[in-house]
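# Summary of structural features
Listed below, chain by chain, are the residues.
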Amino acid sequence: MKQEFILFFDGVCNLCNGFIDFVITRDKQKKIFYSSLQADVAQEFLKGYEIEFENGFSTIYLFKKGKIYKKSTAILLILRELSPGYRFLATVCFIIPAFIRDAVYSFIARNRYRLFGKKDSCRMPS
């Protein structure tokens, strides 16, 4: 199977792990692959896309058919790969300008450990 969709996430963030669980259970075609940003393979893969990890893995990234998406756009593109209801929700949310979606995303990302906690070790999904 071609790995056209790879979701890179903060492996110690409870919110991120919750989102990954949400996607895994709804990805009926099993076409989305996952990697924590802390994994060496993820950092090596993402080097070619000029991504800096100095911000503490605070952004989710989606590799989709040769291109990297981040923040709210990555989330919405993932939702489009799930059931028709989530596809519709994502389409509606795309109406909101990216700078507004990403401002909300960044606020949550900055406060995610305080609001949702974090794990002692990094999740490594199978």
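Up top you'll find the structure we're talking about.
Residues numbered from 1 in each chain as written. Predicted model: local features only at pLDDT ≥ 70, side-chain atom pairs only at ≥ 80, totals over all residues. Heavy atoms only, no water.

### Considering the environment of lysine 28
- Within the fold, lysine 28 resides in the loop between α1 (14-26) and β2 (32-36).
- In the structure, lysine 28 is positioned 55 residues away from serine 83 in sequence and 8.5 Å away in space, judged by C-alpha atoms.
- At a separation of 3.0 Å, a polar atom in the side chain of lysine 28 contacts the main-chain carbonyl oxygen of threonine 25. (Helix = DSSP H or I, 4+ residues; strand = E, 2+ residues; numbered from the N terminus. Polar contact = N/O pair within 3.5 Å; in protein donor to acceptor, adjacent residues only side chain to side chain.)

### What to know about the nonpolar core
- Grouped together as the largest cluster of nonpolar side chains are 22 residues, with contacts concentrated most on Leu7, Phe19, Val23, Ile32, Tyr34, Ile60 and Ile78.
- Contributions of two or more residues to this core are made by β1 (5-9), α1, β2, α3 (71-80) and α5 (98-116).
- By residue number, the principal contributor to this core is α3, which donates six residues.
- Here valine 23 is in contact with Ile32, Tyr34, Ile78 and Leu82, once residues within four sequence places are set aside.
- Ranked by size, the runner-up nonpolar core spans 10 residues in total, among them Ala39, Ala42, Leu46 and Phe63. (Core = buried A, V, L, I, M, F, W, Y, C linked by side-chain atoms within 4.5 Å. Buried < 20%, exposed > 50% of the residue type's maximum accessible area, 1.4 Å probe, protein only. Contact = heavy atoms within 4.5 Å.)

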